[in-house]
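Fold and geometry: a report
Listed below are the residues making up each chain.
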Number of protein chains: 2
Amino acid sequence: MSETSAAYDALERRDPATRERAQLAALPAMVAHAQACAPALAAILRGVDAASITSRAALARLPVTRKSALLELQQASRSRADTAREPFGGFSAIGWSALVAAPRGARRVFQSPGPIYEPEGQAPDYWRIARALFAAGFRAGDLIHNSFSYHLTPGAFMMETGAHAIGCTVFAGGVGNTELQLQAMGDLQPQGYTGTPSFLKILLDKAAELGITMPWLRKALVSGEACPPSLRDWLRERGVEAYQCYATADVGLIAYETAAREGLVVDEGVIVEIVRPGTDDPVPEPAPGQAPEVGEVVVTSLNPDYPLIRFGTGDLSAVLPGPCPSGRTNTRIRGWMGRADQTAKVRGMFVHPGQVAEIVRRHAEIARARLVIAGEMANDRMTLKVELGGAEREGLAGRVAETIRDVTKLRGEVEICAGGSLPNDGKIIDDTRQLA
Amino acid sequence: MSETSAAYDALERRDPATRERAQLAALPAMVAHAQACAPALAAILRGVDAASITSRAALARLPVTRKSALLELQQASRSRADTAREPFGGFSAIGWSALVAAPRGARRVFQSPGPIYEPEGQAPDYWRIARALFAAGFRAGDLIHNSFSYHLTPGAFMMETGAHAIGCTVFAGGVGNTELQLQAMGDLQPQGYTGTPSFLKILLDKAAELGITMPWLRKALVSGEACPPSLRDWLRERGVEAYQCYATADVGLIAYETAAREGLVVDEGVIVEIVRPGTDDPVPEPAPGQAPEVGEVVVTSLNPDYPLIRFGTGDLSAVLPGPCPSGRTNTRIRGWMGRADQTAKVRGMFVHPGQVAEIVRRHAEIARARLVIAGEMANDRMTLKVELGGAEREGLAGRVAETIRDVTKLRGEVEICAGGSLPNDGKIIDDTRQLA
């Protein structure tokens, strides 16, 4: 077993049915806790019998809370003048003593663009990044050069708390100060790097320019941006094996790359669903021989401090069938495939995936749909391409066109396509206009 | 008892004799530990019988290690190619697994200007800043807005680890991003601020410019630069009571301000001496009615992870006689009074305080001396002003002038002054030249 294929803990390699049972068994208590301790979730889950949420089907009937809603509820709460005012909008079960609804202390609080605020609880590896670091080869006693920013946003602390859980020492490089960071890398000889892949490239380019080699630097856990295979190979040629992880400030680690280099394995602390963009519904099971559908990553976090139930990340991905060759038994996903919030502006009106979903909902014959917007700005054409579940019925195209007008207030054409012909890329709205 | 005069722990108010006994009793083990675990200190303390270091007089016979020596030894160690190479130059008892001499893991490592590297151990409040935060009024459940930089240097972590030890939540503001930081202050409503006093002024000026008031912000622990009474009053007028602390990346908290606002109380985790600049010798006991002499702050840290014995900070201060009205019983010092490393360049030659000390050492009649450099560059005059311990003996000035020439390779005049007439400002070399 190679260094990077060892297990961080026994959870990673448990029987998938055992995992599923354990996670589903935890759901009723999680939902009840959210209802009791997070007023915003209590409102969202009003009338839900927590005890009944014991299956993926039951979970899938709960509403998805999207990041935009989280932001709006936070802003609304912050503008209140009464004691219910609090910066997390009623989603966090922790805070500090001035927050009446959140008696337990947070360790830190962060500001992400929006601004949106996220709490960090007292758990040592709050965002569960240690598992991803371990899969990338990080071990106790390593020195890690951490080049995420420690200011305002949680990126650097996500890496640091994971590193400390493993038993690593951390150098807080932060962003910028390229020459000082490079000097520290030369002086301290870290085994690993955490940060964006592009900043690692900047550091290694600068080192080469100065004639410096750093043979001790062998591994990296990169995040915060895409790491294309070309960059991964470039880093490998310079002796650094870089692995990706997919994590957010809200729910922590969602999935991580392993030495198998086939997609990302889902973390043990979350339940991941892939839903149709614009809807709260999981994508259907793929037909035999077909690839699972691309959709929005929806995460239910089993973290009592910040109990997000069905949190819509806005990111697109898909399940990658089959087991991970590294021996990890959890579901794999294909990594980041774009954004699910594909709102477009057509002739002055916003069109969003939820409207496309509504059109589909009104016509039982439609199995899948894709709204293609073409032409130039101010002279654009909107075409709804649909795949049908069965045979075409007389006049369907005309009826669907009427529904388009009802739902979007815009005129659109309808094109009936062969089953399986629409691309599987998670795009509900495909805006092909060239915006000069 | 007001909020800020409560005690952080019982150590603060113990009988001074009990403290002195406890600290001196800890010294032999500290010295032995340093000899065993920190090769550089083993070399500096070669031949020292650790068991005999049981008094301040015995401690005062050990050599002072100045920051410049620490830097040189670190640089020498970093340039080695063998396994003894390590970035701390043999002063740290901790590190990471690649450092053979330091088996215990550091939590973080930092780079200060030089560069000089400092370890952080696993202790929760490694730099002992909680005591200073507590004296400044910080309490469990407070939200602290921390505006020190988290990158490279340890300032932000010093504050943060102290805040966490008390039970505070921390917002990692960092440096820069003034508007985003201000937005966070408005949204999160922190009770306290940590950072430089000048950045707090920038934030409050910006808030006033935008018409924002922040009545929740009531306290601050400031460091990293001087906080003159005018700025302290300016902050107070805006509702923020700011306290200072004196700490370094190497030894952590040295002394802290209390609600009494009379000097700074020495921390419980260090033994502080005031030594004559240029020497390793504590300043003499003051004559009755005279103020204690200003000198260099020398710190012996009782921290086994980084056991600095007689570390010369290069900072000037003096003991402030009498007890702190807040009830804390430890020695008080007068705060930062300048730098002890007063090296000057005269006619192309460096003159440093150690040379002045050597001149004094060669003439038993001299009690105190001050080398005054006046005139303009390239036309400067050097005058050694001396106070005598007894009556003047025939020809002393001429003999001292010869010694000046021997020691400094420069011609200097000698002026015999009345006892007590030399300023008590820690200046051994007073460079009064106007350097255009």
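Anything mentioned here points back to the structure above.
Residues numbered from 1 in each chain as written. Chains lettered and ligands numbered in written order. Predicted model: local features only at pLDDT ≥ 70, side-chain atom pairs only at ≥ 80, totals over all residues. Heavy atoms only, no water.

A few words now on helix α8 (residues 197–209) of chain B. All names here are of chain B. Here α8 spans 18 Å end to end across 13 residues, near enough to the 18 Å set by a 1.5 Å rise per residue. Among the residues of α8, those classed as buried are P197, F199, L200, L203, L204, K206 and A207. Among the structural elements, α7 (178–188), β8 (192–195), β9 (219–222) and α9 (229–237) are those in contact with the buried residues of α8. (Helix = DSSP H or I, 4+ residues; strand = E, 2+ residues; numbered from the N terminus. Expected span 1.5 Å × (residues − 1). Buried < 20%, exposed > 50% of the residue type's maximum accessible area, 1.4 Å probe, protein only. Contact = heavy atoms within 4.5 Å.)

With that out of the way, let us pick up empty space enclosed by the protein. Residue and element names in this part refer to chain B. A complete count under the given rule lists two cavities of 30 Å³ or more for this structure. Empty space within the second largest cavity amounts to approximately 30 Å³. Contributing to the lining of the second largest cavity are Y126, W127, R128, D250, V251, G252, S301 and N303. When its residues are assigned to classes, the lining of the second largest cavity shows three nonpolar, three polar and two charged. (1 Å grid on protein atoms, 1.4 Å probe; cavity = no way out; pocket = protein on both sides within 12 Å on 5 of 7 lines; lining within 4 Å. Points joined across faces, edges and corners; volume = space filled by probe spheres on them. Nonpolar A, V, L, I, M, F, W, Y, C, P; charged D, E, K, R; others polar.)

All names here are of chain A. By the definition in use, this model includes 86 salt bridges over all chains. Between E20 and R56 there is a salt bridge, with the nearest N and O atoms lying 2.7 Å from each other. Of this pair, E20 sits in helix α1 (residues 16–37) while R56 sits in helix α3 (residues 56–60), and the two are 36 residues apart along the sequence. Judged by its relative accessible area of 28%, E20 falls in the partly exposed class. For R56, a relative accessible area of 33% translates into the label partly exposed. Salt-bridge contacts for E387 lead to R368; the nearest nitrogen and oxygen are separated by 3.8 Å. (Salt bridge = Lys/Arg side-chain N within 4 Å of Asp/Glu carboxyl O.)

Let's shift gears to the interface of chain A and chain B. Where the parts come together, the accessible area they lose is often given as the size of the interface. The partner chain B presents 46 residues to the 46 residues of chain A that form the contact. Carbon and sulfur atoms make up 55% of the surface buried where chain A meets chain B, a total of about 3500 Å² over both sides. Of all residues in chain A, W96, H151 and L152 of chain A give up the largest surface area on contact with chain B, accounting jointly for 19% of the area buried on that side. Inspection of the chain A/chain B interface yields four salt bridges. At the junction of chain A and chain B, the tally comes to 23 residue pairs in polar contact (both at pLDDT 80 or more). (Buried area = accessible area lost by both parts, 1.4 Å probe. Polar contact = N/O pair within 3.5 Å; in protein donor to acceptor, adjacent residues only side chain to side chain.)

In screw terms, the move from chain A to chain B is a rotation of 180° and a rise of 0.0 Å along the axis, fitting with an RMSD of 0.0 Å. Look at the turn and shift together and you get a two-fold axis relating the two. Residue Y150 of chain A of chain A places its C-alpha closer to the rotation axis than any other residue of that unit, at 3.0 Å. Interface overlap between copies is the fraction of interface residues in one copy that are interface residues in the other; for chain A against chain B it reaches 100%, indicating a shared surface. (Least-squares fit on C-alpha atoms with pLDDT ≥ 70 in both.)

In terms of nonpolar packing, the biggest core is built from 128 residues, with L221 of chain A together with L221 of chain B touching the most fellow members. Ignoring any residue separated from it by four or fewer positions in sequence, one finds L221 of chain A in contact with I129, A132, L133, A136, F138, M159, Y193, T194, G195, Y243, Q244 and C245 of chain A. (Core = buried A, V, L, I, M, F, W, Y, C linked by side-chain atoms within 4.5 Å.)

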